[in-house]
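Breakdown of the fold
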Amino acid sequence: MSTLITNIGELVTNALGPVGAEAARTGPGGFTALSDAALVIDDGRIAWTGQTGHAPAADERVDAAGRVVMPGFVDSHAHLIFAGERGDEFAARMAGVPYSAGGIRSTVAATRAASDAELGANLRRLAGEMLAQGITTFECKSGYGLSVADEARSVALATEITPEVTYLGAHVVPPEFESDPAGYVDLVCGPMLKACAPHSRWVDVFCERGAFDADQARAVLAAGRAAGLEPRLHANQLGHGPGVQVAVEAGAASADHCTYLSDADVDALAASETVATLLPGVEFSTRQPYPDARRLLDARVTVAIATDCNPGSCFTSSMAFCVALAVREMRMTTREAIWAATAGGARALRREDVGHLGLGAAADLVMLNAPSHAYLAYRPGVPLVASVWRAGHLAWQA
Ligand SMILES: [Zn+2]
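The following paragraphs examine the structure supplied in this document. (Residues numbered from 1 in each chain as written. Predicted model: local features only at pLDDT ≥ 70, side-chain atom pairs only at ≥ 80, totals over all residues. Heavy atoms only, no water.)

1. Thoughts on the overall build of the protein
Selection rule: Only runs of H or I of at least four residues qualify as helices and only runs of E of at least two qualify as strands under DSSP, and these elements are numbered from the N terminus. Each radius of gyration is computed over the set of C-alpha atoms, and the globule rule expresses the reference value as 2.2 Å times the number of residues to the power 0.38. The buried label goes to any residue with under 20% of its type's maximum accessible area, the exposed label to any with over 50%, and the partly exposed label to all in between, with areas taken from a 1.4 Å probe on protein chains only. Two residues qualify as a contact provided that any one of their heavy atoms is within 4.5 Å of a heavy atom in the partner residue. All accessible-area figures derive from a Shrake-Rupley calculation using a 1.4 Å probe, and residue coverage is judged against the displayed protein chains alone. Under this rule, positive means Lys or Arg and negative means Asp or Glu; His and the chain ends count for nothing. Charge coordinates come from a single atom per side chain, which is NZ of Lys, CZ of Arg, CG of Asp or CD of Glu.
Each helix and strand in the protein was counted, giving 15 helices and 17 strands. Over its C-alpha atoms the protein spans a radius of gyration of 21 Å, differing by no more than 12% from the 21 Å that the globule rule assigns to 398 residues. C-alpha extents for the protein along the principal axes are approximately 70 × 45 × 45 Å. Across the 398 residues of the protein, 57% fall into the buried class. Across the protein, the fraction of contacts at a sequence separation of at least 24, relative to all contacts at a separation of at least 6, is 71%. Roughly 14,900 Å² of accessible area belongs to the protein as shown, and the carbon and sulfur atoms make up 53% of that amount. Between the mean site of the 30 positive side-chain charges and the mean site of the 44 negative ones, the protein shows a separation of 3 Å.

2. A word on the coordination of the zinc ion
Formally: Only N, O and S atoms count as donors, using a 2.8 Å cut-off from the metal and 3.2 Å for Na, K and Ca, and because water is excluded some sites may appear unfinished. In short, tetrahedral needs four donors with all angles between 85 and 135 degrees, square planar needs four and octahedral six donors with opposite donors over 155 degrees apart and all other angles between 65 and 115, and whatever is left is irregular.
Around the zinc ion, the protein contributes the donor atoms His77 (NE2), His79 (NE2), His234 (NE2) and Asp308 (OD), which lie 2.0 to 2.6 Å from the metal centre. Coordination at the zinc ion is irregular: its 4 donor atoms span angles of 78 to 171° at the metal. Going along the chain, you hit the donors of the zinc ion in the pattern H-x1-H-x154-H-x73-D. Of this pair, His77 sits in the loop between strand E6 (73-75) and helix H2 (87-94) while His234 sits in strand E11 (residues 233-235); the two residues are 157 residues apart in sequence, bridging distant segments of the chain. Take His77 and His234: they sit in the same class, and that class is buried.

3. Brief notes about the pairing of strand E3 (residues 45-51)
Threshold: DSSP bridges decide pairing: two strands pair if at least two such bridges lie between them.
As paired elements, strand E2 (residues 33-42) and E3 share 6 bridges and run antiparallel to each other. Each residue of the ladder has a partner; that of Ile41, found in E3, is Ile46. Two successive antiparallel strands, E2 and E3, enclose a turn made up of 2 residues, where Asp43 displays a positive phi of approximately 55°.

4. Let's talk about the packing of helix H6 (residues 181-189) against helix H8 (residues 214-226)
To characterise two packed helices, one gives the angle between the axes of the helices and the distance between these axes. The condition is simple: Axis geometry follows a simple rule: fit a line to the C-alpha atoms, using only the stretch in contact for helices, then measure angles between N-to-C directions, giving values from 0 to 180 degrees. Each angle gets one of four labels, with under 35 degrees taken as roughly parallel, over 145 as roughly antiparallel, 65 to 115 as roughly perpendicular, and the rest as oblique. By convention the crossing between two helices is left-handed if the near helix lies anticlockwise of the far one by an angle smaller than a right angle, and right-handed if it lies clockwise.
Remark: H6 packs on H8, axes separated minimally by 9 Å, with the N-to-C direction vectors making an angle of 15°. Considered as vectors, H6 and H8 are oriented roughly parallel to each other. In this structure, H6 meets H8 at a crossing whose hand is right-handed. On the side of H6, the interface is formed by Pro181, Val185, Val188 and Cys189, while H8 contributes Gln216, Ala219, Val220 and Ala223.

5. What to know about the pattern of salt bridges
Basically, it comes down to this: The salt bridge definition used is simple: a Lys or Arg side-chain nitrogen within 4 Å of an Asp or Glu carboxyl oxygen.
A full pass over the atoms with the stated rule returns 21 salt bridges. Note that Arg328 and Glu329 form a salt bridge whose closest N and O atoms lie 4.0 Å from each other. For Arg351, the salt bridge identified is with Asp353, shortest N-O distance 2.8 Å. On the accessibility criterion, Arg351 (18% relative accessible area) is buried. Taking the relative accessible area as the measure of exposure, Asp353 reaches 23% and is therefore partly exposed. Ionic contacts of the salt-bridge type, sharing partners, join the residues Glu164, Arg201, Glu230, Arg350, Arg351 and Asp353 into one network.

6. Overview of the state of the cysteines
Our working definition: Disulfides are defined as pairs of cysteine sulfur atoms found within 2.5 Å of each other.
According to the stated counting rule, one finds 0 disulfides in the structure shown. The closest cysteine sulfur to the non-disulfide-bonded Cys140 is located on Cys309, 9.5 Å from its own sulfur.

7. A short note on the side chain of Ser317
The condition is simple: What qualifies as a polar contact is a pair of N or O atoms within 3.5 Å, subject to a donor-acceptor requirement within protein and to the restriction that residues adjacent in sequence count only when both atoms come from side chains.
Counting through the fold element by element, Ser317 comes out in the loop between strand E14 (303-305) and helix H13 (319-329). In this structure the side chain of Ser317 is engaged in a polar contact, spanning 3.0 Å, whose partner is the side chain of Gln133. With residues up to four places along the chain from it excluded, the contact list for Ser317 reads Glu129, Met130, Gln133, Ile135, Thr307 and Cys309.

8. A closer look at helix H4 (residues 116-132)
Spelled out, the test is: A helix's residues, less one, multiplied by 1.5 Å, set its expected span.
For H4, spanning 17 residues, the distance from its first C-alpha to its last is 24 Å, which sits close to the expected 24 Å at 1.5 Å a residue. Along H4, the positions that sit buried rather than exposed are Leu119, Gly120, Asn122, Leu123, Leu126, Ala127, Met130, Leu131 and Ala132. Where H4 terminates, the next one or two residues include Gly134, which has phi positive at roughly 95°.

Written out as structure tokens, the structure is:
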């Protein structure tokens, strides 16, 4: 079954050079777009892209009526397995109370008290919100259970909904280990890891003052790697620190936040394969200074944008909102921001099949009620998503 989507006003492909088999092998290239374009989906994959006038025939034909078609957003950083909410904490913060990592503990208490059914329902609700806003691939972290059983059920629930599951037992030290953080790190590297590794692809640590230091982070990443997991890291969110250096040293796929960076941190990222994942919704919701995206881009660091959807520091599931913040507040161009939210996210998840619409890529795409990708930042807060396709099938429609 093949589908031709024709009359596309702007087709964002992020494909490398001329679209061909090469694109599928090497993953996304830079931002690329065609006007007056068409694409063909065959067997869930992109089979052809080009000018409307040259489009081949297909079994089914969809008229895009001049709209944008772009790759589905790839959200490489989200915390979706939790119970409860922290709206009061947000209101207090806006009234002047500073953010600290400790707020996570209130979500831990609610998560431990919730049933599997409640956690699963909340997870599916948030995944549905994401899909309706054009996110077709997302990562999901544990980290609100912080006991062997609660972390294990968190990652098990997450695997039902995404292959990009991250074990984040090292989110914060839970209250019962307050006086024995080393004992908690041993648990995270030992029995908890053993219970979670079969359901996880990634291992992550919140490396920050008030959470885990560099040596603890190194120990967790090394144990995770020995169990077959690939590293990624929360780094340099609340202040300068060793996080980025630990991430690069460990060969992490991504260092996430990168709000406070030294010149050495930027140099280390630029010389590595580690993606700098920026989470501007967090700075918006915690009223902190935004990361310096221009400094990273000018140093040729690969930059991704993700939502960090979580109940504490940033409760948005809207990648379009994050794109608008990246453009308005972090001085990224609209092209850079769209690339970072699609192909950049794919790089941060080491995925070559998503984040672009090159030949052979997954037919995960979004149609926007807009003539240009720039509308995602130009019309902030407006629901522009007309339809969302996953693996060549219409998955959501306005
Ligand atoms: Zn996070």
